[in-house]
Amino acid sequence: LPVRPPAHDRPPGAVDPAQKERCIPPKLTEPLIEDMTHPNLTFNGVKFIFKQPYPDGEGRMREEYYRDVLSRQIVTAVLSERLRRGVQDASCPARSAVVVLNEYEPDYYISLFTVMPKSKDRIAACMEFTAREIRRLVAFGISADEFEAARLSVCQRNHLDREMSRDDVKSEALVKVAVEH
């Protein structure tokens, strides 16, 4: 839930925004490929979604869980940077490419790749470009420089690069929950 200021801190007449509907990807047993078009869209895009198991509640209480999450974020940052650099090559079939990691608890992690081809006839080449970068990562790993850049990015994104105090958290309810758990 979004953190809102107490009622006495809101401007007169302020209204809470409507809650967004939560969209959970369906459970799949095989790849799902769809060609979605809309007459108002003037671009092409390809999305790949990879699902991985997510630990149960007890598993998320262990140090190994946090190591796993941070490792996944680092690998995702490295791969996203490689895709970003790859599209800068004039021969690349994509004009942009990115990968993000999301947690859809309690079921699974999602690695979401979004690739924008230079033209619709280059979609298959974009899929191969993405698969090639994944294969390179698996086969050859991550360089020390890539690791350090990704580690710094993940630390900053998760606010691990600075100490936090109660004053940094504006909601007393969040502080109470954190102290109790």
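Above this text sits the structure in question.
Residues numbered from 1 in each chain as written. Predicted model: local features only at pLDDT ≥ 70, side-chain atom pairs only at ≥ 80, totals over all residues. Heavy atoms only, no water.

Let's talk about the environment of Val98
The test is simple: Put simply, DSSP H or I for four residues or longer makes a helix, DSSP E for two residues or longer makes a strand, and each gets a number counted from the N terminus. Pairs of residues are marked as contacts when any of their non-hydrogen atoms sit within 4.5 Å.
With respect to the secondary-structure elements, Val98 resides in strand β2 (residues 94-104). Sequence separation between Val98 and Arg84 is 14 residues, and the spatial gap between their C-alpha atoms is 6.6 Å. Excluding anything up to four places from it in sequence, Val98 contacts Ser80, Leu83, Leu112, Phe113 and Thr114.

A short note on the packing of helix α1 (residues 63-86) against helix α3 (residues 144-157)
Spelled out, the test is: Between N-to-C directions, angles span 0 to 180 degrees; the directions come from axes that are lines fitted to C-alpha atoms, helices contributing only their stretch in contact. In a left-handed crossing the near helix is turned counterclockwise from the far helix by less than a right angle, and in a right-handed crossing that turn is clockwise. Nonpolar residues are Ala, Val, Leu, Ile, Met, Phe, Trp, Tyr, Cys and Pro. Charged residues are Asp, Glu, Lys and Arg, and all others, Gly as well, are polar.
In the contact formed by α1 and α3, the axes pass within 9 Å of each other and the chain directions differ by 120 degrees. Pair α1 / α3 crosses with right-handed handedness. The segment α1 lies against α3, with Leu70, Gln73, Ile74, Ala77, Val78, Arg82 and Arg85 engaging Glu146, Phe147, Ala150, Arg151, Val154 and Arg157. Looking at side-chain class alone, the contact of α1 with α3 contains seven nonpolar, one polar and five charged residues.

Comments concerning the packing of α1 against helix α2 (residues 123-140)
Rule in force here: The cut-offs work like this: below 35 degrees is roughly parallel, past 145 is roughly antiparallel, 65 to 115 is roughly perpendicular, and the gaps in between are oblique.
Where α1 meets α2, the closest approach of the two axes is 10 Å, and the angle between their N-to-C directions is 135 degrees. When the axis of α1 is compared with that of α2, the two are oblique. In terms of crossing hand, the pair formed by α1 and α2 is right-handed. In this structure, α1 uses Val75, Val78, Leu79, Arg82, Leu83 and Gly86 to contact α2, whose residues at the interface are Phe129, Thr130, Glu133, Ile134, Arg136 and Leu137. In the contact of α1 with α2, the residues fall into seven nonpolar, two polar and three charged.

Some points on the layout of surface pockets
Counted only if it meets this: Using only the protein atoms, space was sampled on a 1 Å grid; points where a 1.4 Å probe fits but cannot get out form cavities, open sets with protein on both sides within 12 Å along at least five of seven lines form pockets, and lining residues are those with an atom within 4 Å of a point. Grid points are joined across faces, edges and corners, and a volume is the space filled by probe spheres set on the points.
Considering only enclosed or pocket space, the second largest pocket measures out at about 270 Å³ in volume. Residue lining of the second largest pocket: 13 residues in total, with Gln52, Val75, Leu79, Ser111 and Phe113 positioned closest to the centre. For the lining of the second largest pocket, the elements supplying multiple residues, two or more each, are β1 (46-53), α1, β2, β3 (108-117) and α2. Broken down by element, the lining of the second largest pocket gets its largest block of residues, four residues, from α1. When grouped by side-chain class, the residues that make up the lining of the second largest pocket number nine nonpolar, three polar and one charged.

Describing the state of the cysteines
In plain terms, the rule: To count as a disulfide, a pair of cysteine sulfur atoms needs to be within 2.5 Å. When accessible area is computed with a 1.4 Å probe and restricted to protein chains, residues below 20% of their type maximum are described as buried, those above 50% as exposed, and intermediate ones as partly exposed.
With the rule as written, the count across this model stands at zero disulfides. With no disulfide of its own, Cys92 has Cys126 as its nearest cysteine by sulfur position, at a separation of 6.4 Å. Here Cys92 falls in the buried class, since its relative accessible area comes to 4%.

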